[in-house]
Amino acid sequence: MPMIWVNGSLADPAEAAVSVLDHGLTVGDGVFETLKAVDGRAFAVTRHLDRLARSAAGLGLPEPDQDLVRRACDEVLRAQPMPLGRLRITYTGGLSPLGSDRGDAPPTLVVALGPASPRPDTTAAVTVEWTRNEHSAVAGLKTTSYAENVVALAHAHRRGASEALFANTAGMLCEGTGSNVFVVVGGRLLTPPLTSGCLAGVTRALVAEWLGAEEADLPLSVLQEADEVLLTSTLRDVQAVHRVDGRDLPGAPGPVAAKAMAVFAERSADDVDP
């Protein structure tokens, strides 16, 4: 039976609960992190908890107690070991009045774990007409307000793809619904800068560090011209794209993607908290 950690203790799913007036539910006032867990050990915990704190600060939520979050993660992982899991940390504004104002109650903290499947080496992606607002008050924050991602991802699934890619309001390549994007142009591994409005992905940062990728402002049209396209995320690690919209990339994974996949697998196996 999977166990869920809610505000201080483990509970089974039938009993784990938060108030229906929790601000994370009523207005999406919350932040979250998803971590990969392999054989009961979560990957890159420090980087994920640092980003959780940055996202909370961006929303004006109290700083999460990182020691408490680590303990909650450890208890959940010990309660239900599995070969590959998705560990989800959710931190919200807590019990609040209806509307956008917060109440005086403490934040809600939930940690849950579910099974995950190994991703294939390649996938398909589509671009969408909707844009990321790089000037938004929550640009770059990992908030629980994920409705536009839900809509875009459903759009991608209807077209046989596993990810939808956004431009920002300036028409520049930004990110996917739950991934960062890299392209290979002229042998260079490039990714949009954080100023594009994309999330500062943990896997994105590690790939940039370990593979020497460069940030660059890239028009959305680069997806139709690049030699290779790659997606990175916590559960994808590094994944090559074999089709973008109507364009096939028949050699995927190409040489840069293959190298990135191998390096990431080796380095992440050597250090569980890089």
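Scroll up to find the structure this text is about.
Residues numbered from 1 in each chain as written. Predicted model: local features only at pLDDT ≥ 70, side-chain atom pairs only at ≥ 80, totals over all residues. Heavy atoms only, no water.

**Re the pairing of strand 11 (residues 188–191)**
Next, step 1: Bridge count between strand 10 (residues 180–185) and strand 11: three bridges; the pairing is antiparallel. In the sheet register, Val184 faces strand 11, and the bridge partner there is Leu189.
Next, step 2: Linkage of strand 10 to strand 11, two consecutive antiparallel strands, is achieved through a turn of two residues, within which Gly186 is found at a positive phi near 60°.
Next, step 3: Direction of pairing for strand 11 relative to strand 12 (residues 214–215): parallel, over a ladder of two bridges. Considered in strand 12, the bridge of Leu190 is made with Glu214.
Next, step 4: Tracing the backbone out of strand 11, into helix 5 (residues 202–211) and back to the parallel element strand 12 gives a crossover that is right-handed. (Pairing = 2+ DSSP bridges. Helix = DSSP H or I, 4+ residues; strand = E, 2+ residues; numbered from the N terminus. Right-handed = clockwise from strand over helix to strand, strands pointing away.)

**Comments concerning the pattern of salt bridges**
Next, step 1: For the coordinates displayed, the defined rule picks out ten salt bridges.
Next, step 2: Salt-bridge contacts for Arg51 lead to Glu33; the nearest nitrogen and oxygen are separated by 2.7 Å. Taken together, the positions of Arg51 in helix 2 (residues 45–59) and Glu33 in strand 3 (residues 30–38) put the pair 18 residues apart, joining distant regions of the chain. Per residue, the accessibility class of Arg51 equals that of Glu33, and both read buried.
Next, step 3: Linking Asp237 and Lys36 is a salt bridge whose minimum nitrogen-to-oxygen distance equals 3.0 Å. Residue Asp237 is found in strand 14 (residues 237–244), and its partner Lys36 is found in strand 3; the two are separated by 201 residues along the sequence. Taken individually, Asp237 and Lys36 each receive the classification buried, so the pair is uniform in this respect. (Salt bridge = Lys/Arg side-chain N within 4 Å of Asp/Glu carboxyl O. Buried < 20%, exposed > 50% of the residue type's maximum accessible area, 1.4 Å probe, protein only.)

**Concerning the sheet that holds strand 2 (residues 9–11)**
Next, step 1: Strands sit in the order 2-1-6-5-3-4 across an open sheet of six strands; the sheet is antiparallel. A single partner strand is all that each edge strand has here, and the edge strands are strand 2 and strand 4 (41–42).
Next, step 2: Seen against the sheet, helix 2 touches strand 3, strand 4 and strand 5 (84–92) and runs at an angle of roughly 170° to strand 3.
Next, step 3: Packed on one face of the sheet, helix 3 (residues 66–79) meets strand 1 (4–6), strand 2, strand 3, strand 4, strand 5 and strand 6 (108–115) and runs near 30° to strand 6. (Contact = heavy atoms within 4.5 Å. Axes fitted to C-alpha atoms, helices over the stretch in contact; angles between N-to-C directions.)

**Things to note about helix 5**
Next, step 1: If you check which residues of helix 5 are buried, you get Val202, Thr203, Arg204, Leu206, Val207 and Trp210.
Next, step 2: Downstream of helix 5 by a residue or two, Gly212 has a phi angle that is positive, lying close to 70°.

**Quick word on the packing of helix 2 against helix 3**
Next, step 1: The contact between helix 2 and helix 3 brings their axes to 11 Å, and the two run at 130°. In terms of orientation, helix 2 and helix 3 fall into the oblique class. In this structure, helix 2 crosses over helix 3, and the sense of that crossing is right-handed. From helix 2, Val45, Thr46, Leu49, Asp50 and Ala53 reach across to helix 3, where they touch Gln66, Val69 and Arg70.
Next, step 2: Of the residues assigned to the contact of helix 2 with helix 3, the class counts are four nonpolar, two polar and two charged. (Parallel < 35°, antiparallel > 145°, perpendicular 65-115°, else oblique. Left-handed = near helix turned anticlockwise from the far one by under 90°. Nonpolar A, V, L, I, M, F, W, Y, C, P; charged D, E, K, R; others polar.)

**Description of the state of the cysteines**
Next, step 1: Overall, the coordinates contain zero disulfides when judged by the stated rule.
Next, step 2: Not engaged in a disulfide, the cysteine Cys198 finds its nearest cysteine sulfur in Cys174; these two sulfurs lie 5.4 Å apart. (Disulfide = S-S within 2.5 Å.)

**Quick word on helix 6 (residues 255–270)**
Next, step 1: The first and last C-alpha atoms of helix 6 sit 23 Å apart over 16 residues, in line with the 22 Å expected at 1.5 Å per residue.
Next, step 2: Turning to helix 6, its buried residues number three or more, namely Ala257, Ala260, Met261, Phe264 and Ser268. The buried residues of helix 6 occupy an angular sector of 100° when the element is viewed end-on, so they sit on one face. Exposed side chains of helix 6 directed beyond 90 degrees from the buried face belong to Pro255, Lys259, Glu266, Ala269 and Asp270.
Next, step 3: Of the surrounding elements, those touching the buried residues of helix 6 are helix 5, strand 13 (228–233) and strand 14. (Expected span 1.5 Å × (residues − 1). Arc of directions from axis to C-beta.)

**Remarks on the pairing of strand 7 (residues 122–132)**
Next, step 1: Inspection of the sheet shows strand 7 paired to strand 14 by four bridges, in the parallel sense. Across the sheet, residue Ala125 finds its bridge partner in strand 14, namely Val244.
Next, step 2: Two elements, strand 7 and strand 8 (residues 163–168), share five bridges in a ladder whose sense is parallel. From the neighbouring strand, Ala125 faces strand 8, where its bridge partner is Glu163.
Next, step 3: In this view, the connection linking strand 7 to its parallel neighbour strand 8 by way of helix 4 (residues 147–158) has right-handed handedness.

**Observations regarding the side chain of Arg247**
Next, step 1: Here Arg247 shows up in strand 15 (residues 247–248).
Next, step 2: Among buried Asp, Glu, Lys and Arg side chains, Arg247 stands out as unpaired, with Asp227 the closest opposite charge at 5.8 Å.
Next, step 3: In terms of polar contacts, Arg247 uses its side chain to reach the backbone carbonyl oxygen of Leu223, at 2.9 Å. (Lys, Arg positive; Asp, Glu negative; His and termini not counted. Polar contact = N/O pair within 3.5 Å; in protein donor to acceptor, adjacent residues only side chain to side chain.)

**Description of the side chain of Ser268**
Next, step 1: Within the element layout of this structure, Ser268 appears in helix 6.
Next, step 2: Judged by relative accessible area, which is 12%, Ser268 ranks as buried.
Next, step 3: At 2.6 Å, the side chain of Ser268 and the backbone oxygen of Phe264 are in polar contact.
Next, step 4: Not counting residues up to four positions away in its chain, the partners in contact with Ser268 are Phe43 and Trp210.

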